[in-house]
Amino acid sequence: MEYHKPVLFDEVMDNIITDRDAVYVDCTLGGGGHTQGILENSSENSNVIAIDQDMQAIEFAKTRLEKFGNKLQIFQDNFKNIDTAVYLGGFEKVDRILMDIGVSSNQLDNAKRGFSYRFEARLDMRMDSNLKISAYEVVNEFSEKEIADIIYKYGEEPKSRRIAKKIVEYRKNKPIETTTELVDIVIKSIGKSMKRHPAKRTFQAIRIFVNKELEVLSETLDKAVKLLNKNGRLLVITFHSLEDRIVKEKFRKYEDPCTCPKDIPICVCNKKSLGKIITRKPIIAKTLELEENNRAHSAKLRIFERSE
């Protein structure tokens, strides 16, 4: 198993490390790249809590990071349970939280997981194998309208209806079992003359739906911001516009939660600001990283800092 340097690594370190003893949470351990950076750069008595729902990633990271001993605690869970992980780690509040929302390249590149349109595998796409609905059920059991809506909403695919129609036609003869079958159906529906892989949006959409990624992100942000100490920071890296929009809107709401009509001179809702947005514009990768890592092109880092 191989893991690469995480996207926006230097930018994350510049904004997450504090010189005092602190409690850090890495919500998406993955290959352990960001976690290792935090462990190496944080003060001696700092603590790091890392979360991942992928047991393979955890086993790999445990070996990679064992030299850090008790400074690191790892929990297998969905990051929406960040509050539980922090509690089990022995803390009430924390100082730094990092959420890297990209699917790890290792998951995408692991042919058996059925995430990727580049390898033949059984259609699956579940990050947690205990989830009841996988990509297989979506394409073989959902109605044409449901499939079209998923591909349009989560993949922002303008030709979603055409793809859904083809999927339903195809499955009348036999179930759609593999990633390559689905790719072929998408290409037959919309052709190949695009800069990006024609199946990219469809696969992204089904993956987001199966793992309830947007709902989970929204819920986790609300929990994370409440767990921060004064001057604590929440750093979030997203890889596509749907997620970035959620983070941007949430941060705005945390900074200015007032729901009073704009024409009232004073606030009567008494909703207090939780802090301030550090990044008015998201931090994006520098030229060198863009040349070395294709995934960095869509990465955006946004940062929020807690007040009282």
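Since this is a predicted model, take the numbers as computed values, not measurements. (Residues numbered from 1 in each chain as written. Predicted model: local features only at pLDDT ≥ 70, side-chain atom pairs only at ≥ 80, totals over all residues. Heavy atoms only, no water.)

1. Regarding the pattern of salt bridges
Stage number 1. Taken as a whole, this structure holds 15 salt bridges when the rule is applied.
Stage number 2. As a salt-bridge pair, Asp244 and Lys300 come within 3.8 Å of each other at their nearest N and O atoms. Remark: Lys300 occurs in strand S7 (residues 300-306) and Asp244 occurs in helix H12 (residues 241-255); sequence separation between them is 56 residues.
Stage number 3. Residue classification places Lys300 among the partly exposed positions, given a relative accessible area of 31%.
Stage number 4. Residues participating in the shared-partner salt-bridge network are Asp244, Lys300 and Arg302. (Salt bridge = Lys/Arg side-chain N within 4 Å of Asp/Glu carboxyl O. Helix = DSSP H or I, 4+ residues; strand = E, 2+ residues; numbered from the N terminus. Buried < 20%, exposed > 50% of the residue type's maximum accessible area, 1.4 Å probe, protein only.)

2. Section: the environment of Arg245
Stage number 1. Turning to its location among the elements, Arg245 is positioned in helix H12.
Stage number 2. Each C-alpha atom, one on Arg245 and one on Leu227, is 22 Å from the other, the two residues being 18 residues apart in sequence.

3. Here we look at the domain arrangement of the protein
By a widespread convention, an interface's size corresponds to the accessible area lost as its parts come together.
Stage number 1. Looking at the protein, the domain boundaries give domain 1 (9-106 + 213-306) and domain 2 (110-211).
Stage number 2. Relative to domain 2, the C-alpha centre of domain 1 lies at a distance of 29 Å.
Stage number 3. Taken together, the 13 residues of domain 1 in the interface contact eleven residues of domain 2.
Stage number 4. Interface area for domain 1 against domain 2, summed over the two sides, is near 1100 Å², with a carbon-plus-sulfur share of 44%.
Stage number 5. Seen at the junction of domain 1 and domain 2, the total is two salt bridges.
Stage number 6. Between domain 1 and domain 2 we count five residue pairs in polar contact (both at pLDDT 80 or more) in total.
Stage number 7. If you list the elements that add at least two residues to the side of domain 1 that touches domain 2, you get helix H11 (213-227) and H12.
Stage number 8. When the residues that make up the side of domain 1 that touches domain 2 are grouped by side-chain class, the tally is four nonpolar, five polar and four charged. (Domains from an automatic or database assignment. Contact = heavy atoms within 4.5 Å. Buried area = accessible area lost by both parts, 1.4 Å probe. Polar contact = N/O pair within 3.5 Å; in protein donor to acceptor, adjacent residues only side chain to side chain. Nonpolar A, V, L, I, M, F, W, Y, C, P; charged D, E, K, R; others polar.)

4. Quick word on the nonpolar core
Stage number 1. Membership of the largest hydrophobic core comes to 61 residues, with the highest contact counts inside it found for Ile97, Met99 and Leu221.
Stage number 2. Sorting elements by how many residues they give to this core places H11 first, with seven residues.
Stage number 3. Counting contributing residues, this core receives three or more from each of domain 1 (9-106 + 213-306) and domain 2 (110-211). (Core = buried A, V, L, I, M, F, W, Y, C linked by side-chain atoms within 4.5 Å.)

5. So, helix H8 (residues 160-171)
Stage number 1. Relative to the 16 Å expected for twelve residues at 1.5 Å per residue, H8 spans 17 Å between its end C-alpha atoms, a close match to the ideal helical length.
Stage number 2. Contact partners of the buried residues in H8: helix H6 (135-141), helix H7 (144-155), helix H9 (179-190) and helix H10 (200-210). (Expected span 1.5 Å × (residues − 1).)

6. Comments concerning the UniProt feature "binding site: S-adenosyl-L-methionine" (unreviewed entry) in the protein
Stage number 1. UniProt feature "binding site: S-adenosyl-L-methionine" (unreviewed entry): in the numbering of this structure it lies at Gly32, Gly33, His34, Asp52, Phe79, Asp100 and Gln107.
Stage number 2. Locating Gly32 in the fold gives a position in the loop between strand S1 (23-26) and helix H2 (33-41).
Stage number 3. Discounting chain neighbours no more than four positions away, the residues touching Gly32 are Ala61, Arg64 and Leu65. (UniProt positions renumbered as here; feature names shortened; annotations may be inferred.)

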